[in-house]
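Each chain is listed here by its residues.
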Amino acid sequence: MDFSSLISHRSTSINGSGIRRVFEIGAKIHDKIDLSIGQPDFAVPQAMRAAAIRAIDGGRNGYPLTRGVPELREKIARSLHADLGWKTTELPGCSDSHSGLFVTAGTTGALMLASLALLDPGDEIIIPDPWFVLYPYMGTFANAVAVPCSTYPDFRLTAERVEPLLSPRTKMILLNSPSNPAGVVSTERECADLLDLCRRRGIILVSDEIYDEFTYEAFRTQPSASDPAKRRCPSPARLPGSQDNVLVIRGFGKTYGVTGWRLGYAAGPRPLIEEMVKLQQYLYVSAPHPLQWGVIDAFDADMTEHVREYERRRSLVVDRLSPVTQVPAPGGAFYAFVKVPERLGYPEESAGERFFQRCVTERVLVVPGRTFSKRDTHFRLSYATPIENLERGLDTLVRIMKNG
Ligand code: PMP
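**Q** Explain the sheet that holds strand 13 (residues 367–368) to me, and be specific about the residues and the numbers.
**A** Across the sheet, three strands lie side by side as 11-14-13; this open sheet has antiparallel pairing. In the strand order of this sheet, the two ends are held by strand 11 (335–339) and strand 13, each with one partner. Sheet analysis places strand 11 next to strand 14 (residues 378–382), joined by five bridges and oriented antiparallel. What sits directly across from Tyr335, in strand 14, is Ser382.

Here is the structure:
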């Protein structure tokens, strides 16, 4: 069988090699220091594990409603109200408290449904460069075009950088704060300007907030709607009237260490949510049923200590690397996007790859910048790893950056 004539251009145009290649190379290295994995390294809260097991034992294993179990949607609605001030009953066109939101199979599910619901062939979506690996393919899957907006060297997605890239075909702008791969947290001003731009041009601002809980103290500059003393990550969804233009996407995987549970949610204008729900029904029916019961308690889990621990690691990374290279201090998530120093003499178009290869010889794994970008001048380091590992890894990185 000649599969080359059978497989779609859509599929062949997707490059699956980036992070998987790092993983495969890493699998062959013994006693490695892995700074490539974007996965929390703490235990899942006990109440969540117990609730998921109870749900399985209690027979909650069949199809749930496509939108997700009502008890979870109620929790999400309350959380959006307390945090963003969003009254889901007041979302455009909403008649009941849950119709402006639904539960998705991870944030990936929500991002994919958003692009399928919004993009026609030839339409455009603006994504930040560097990007999270799925973003360019949100265009590809919909036969549309993802237009990268360079955010070098500070990795800030600003309205000023985005506006020249807009065309009559642009349907959405994708904002990710705190960001993967740079850990950058948008300011209130940047959020407001992007929202204003979207309003003026009649397009949707998709806010991927998968790392919102992982925002460090100094970057929590906006009060939550219900409690001004509770400081939160800036979000365009916190601005007055944002419900008309902002699709908020959040997840449980990173926040509570349950990336394998595949759970997230989307909230926003009802006409868009309704289309996304319809597509979910046919694409993968629903998010996993028993695990939805597991995350109902997640909203009550206190993750402060874990966030503080990541903040300590962030400071270690910045303190150790700043003397030898450029690294914009992450304000959240658990990644840093680090410049490969020019003194190493690597060609600009493959510096990230060359640095990655050099690190492999020292049994340290990072991810070359080109996995997340049109450029290859940087590498991503994840500090979601025990501090002893991180310290040893940083020793090696600093030595290579100084001496080649
Ligand atoms: N958005 C960003 C910015 C991410 O980093 C990730 C996961 N690494 C996702 C979305 C997808 O997350 P999920 O596992 O919830 O699908």
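**Q** Tell me about the site of the ligand, and name the residues and values.
**A** Near the ligand there are 13 residues, and of these Thr107, Thr108, Asp208, Tyr211 and Arg262 occur at the shortest range. The contact in question runs from a nitrogen atom of the ligand to an N or O atom on the side chain of Lys254, over 2.9 Å. Arg262 is positioned such that a nitrogen or oxygen atom in its side chain is 2.7 Å from an oxygen atom of the ligand. Assessed atom by atom at 2 Å from the grid points, the ligand resides in the largest pocket. Among the elements that make up the shell around the ligand, the one with the highest residue count is helix 5 (residues 106–118) (four residues). Residue composition of the shell around the ligand, grouped by class: five nonpolar, five polar and three charged.

**Q** I'd like a description of the packing of aromatic side chains, backed by residues and values.
**A** Scanning the entire structure with this criterion turns up 16 aromatic pairs. An angle of 85° between the planes, with centres 5.5 Å apart, marks the rings of Phe132 and Tyr135 as edge-to-face. The exposure class assigned to Phe132 is partly exposed, which follows from its relative accessible area of 23%. The exposure class assigned to Tyr135 is buried, which follows from its relative accessible area of 0%. Here the aromatic rings of Phe214 and Tyr310 are separated by 5.4 Å at their centres, their planes lie at 65°, and the arrangement is edge-to-face. With Phe214 in the loop between strand 6 (204–208) and strand 7 (222–223) and Tyr310 in helix 12 (residues 304–321), this pair connects stretches of sequence that are 96 residues apart.

**Q** Go over the domain arrangement of the chain, please, and point to the residues and values.
**A** In terms of domain boundaries, the chain breaks down into domain 1 (3–43 + 303–403) and domain 2 (46–300). Computed over C-alpha atoms, the centres of domain 1 and domain 2 are 25 Å apart. Contacts between the two partners involve 32 residues from domain 1, matched on the other side by 32 residues from domain 2. Both sides together, the interface formed by domain 1 and domain 2 hides about 2900 Å², and carbon and sulfur atoms give 62% of it. Summed over the shared surface of domain 1 and domain 2, the number is zero salt bridges. Listed by contribution, the elements that provide at least two residues to the side of domain 1 that touches domain 2 are helix 12, strand 11 and strand 14.

**Q** So what's going on with the pattern of salt bridges? Residues and values would help.
**A** Considering all chains together, one arrives at 33 salt bridges under this definition. Here Arg200 ties to Glu163 by a salt bridge, and the two come within 3.3 Å at their closest N and O atoms. Taken together, the residues Arg200 in helix 8 (residues 188–201) and Glu163 in the loop between helix 7 (159–162) and strand 5 (170–176) connect sequence positions 37 residues apart. The closest approach of N and O atoms between Glu275 and Lys278, which form a salt bridge, is 2.8 Å. Residue Glu275 and its partner Lys278 are located together in helix 10 (residues 270–283), separated by three residues, close to a single helical turn.

**Q** Lay out the layout of surface pockets in plain terms, naming residues and giving numbers.
**A** Space inside the largest pocket adds up to approximately 1000 Å³. In terms of lining residues, the largest pocket is bounded by 44 residues, among which Ile19, Phe132, Val133, Asn180 and Arg380 are the most central. Going through the elements one at a time, helix 2 (18–27), helix 5, helix 6 (135–141) and helix 9 (253–256) are the ones with two or more residues in the lining of the largest pocket. With six residues, the top contributor of residues to the lining of the largest pocket is helix 2.

**Q** Just give me the short version of empty space enclosed by the protein, but keep the residues and values in it.
**A** Applying the stated criterion to the full structure yields one cavity of 30 Å³ or more. Together, 14 residues line the largest cavity, and Pro128, Phe155, Leu157, Asn176 and Ser179 are the ones closest to its centre. Its residues assigned to classes, the lining of the largest cavity shows eight nonpolar, five polar and one charged.

**Q** Provide a residue-level description of unusual backbone geometry, including the pertinent values.
**A** The omega torsion of the bond from Tyr152 to Pro153 falls at 0°, within 30 degrees of zero and hence cis. Tracing the backbone through its elements, the reader meets Pro153 in the loop between strand 4 (145–150) and helix 7. Pro181 follows Asn180 through a cis peptide bond whose omega is 20°. Among the secondary structure elements, Pro181 is positioned in the loop between strand 5 and helix 8. Residues other than glycine seldom take positive phi values, yet Asp31 does so here, at roughly 55°. The residue Asp31 is located in the loop between helix 2 and strand 1 (33–34) in this model.

**Q** Give me the lowdown on helix 12, citing residues and values where you can.
**A** Taking 1.5 Å per residue, 18 residues should reach 26 Å; helix 12 reaches 26 Å between its end C-alpha atoms and fits that length. When helix 12 is considered as a whole, its buried residues turn out to be Val307, Tyr310, Arg313, Arg314, Leu316, Val317, Val318 and Leu321. In this structure, the buried residues of helix 12 make contact with strand 11, strand 14 and helix 14 (387–403).

**Q** Account for the packing of helix 2 against helix 13 (residues 351–361), naming residues and giving values.
**A** In a pair of packed helices, the angle between the axes and the distance between the axes together describe the arrangement. Packing of helix 2 against helix 13 leaves a shortest axis separation of 12 Å and a crossing angle of 20°. Viewed along their axes, helix 2 and helix 13 adopt a mutual orientation that is roughly parallel. In this structure, helix 2 crosses over helix 13, and the sense of that crossing is right-handed. Only Glu353, Phe356, Gln357 and Val360 of helix 13 make contact with helix 2, whose side of the interface consists of Arg21, Val22 and Ile25. In terms of residue class, the contact of helix 2 with helix 13 is made up of four nonpolar, one polar and two charged.

Definitions and limits used
Residues numbered from 1 in each chain as written. Predicted model: local features only at pLDDT ≥ 70, side-chain atom pairs only at ≥ 80, totals over all residues. Heavy atoms only, no water. Pairing = 2+ DSSP bridges. Helix = DSSP H or I, 4+ residues; strand = E, 2+ residues; numbered from the N terminus. Near = heavy atom within 4 Å. Polar contact = N/O pair within 3.5 Å; in protein donor to acceptor, adjacent residues only side chain to side chain. 1 Å grid on protein atoms, 1.4 Å probe; cavity = no way out; pocket = protein on both sides within 12 Å on 5 of 7 lines; lining within 4 Å. Sits in = over half its atoms within 2 Å of the grid points. Nonpolar A, V, L, I, M, F, W, Y, C, P; charged D, E, K, R; others polar. Phe/Tyr/Trp six-rings, centres within 6.5 Å; stacked < 30°, edge-to-face > 60°. Buried < 20%, exposed > 50% of the residue type's maximum accessible area, 1.4 Å probe, protein only. Domains from an automatic or database assignment. Contact = heavy atoms within 4.5 Å. Buried area = accessible area lost by both parts, 1.4 Å probe. Salt bridge = Lys/Arg side-chain N within 4 Å of Asp/Glu carboxyl O. Points joined across faces, edges and corners; volume = space filled by probe spheres on them. Expected span 1.5 Å × (residues − 1). Axes fitted to C-alpha atoms, helices over the stretch in contact; angles between N-to-C directions. Parallel < 35°, antiparallel > 145°, perpendicular 65-115°, else oblique. Left-handed = near helix turned anticlockwise from the far one by under 90°.

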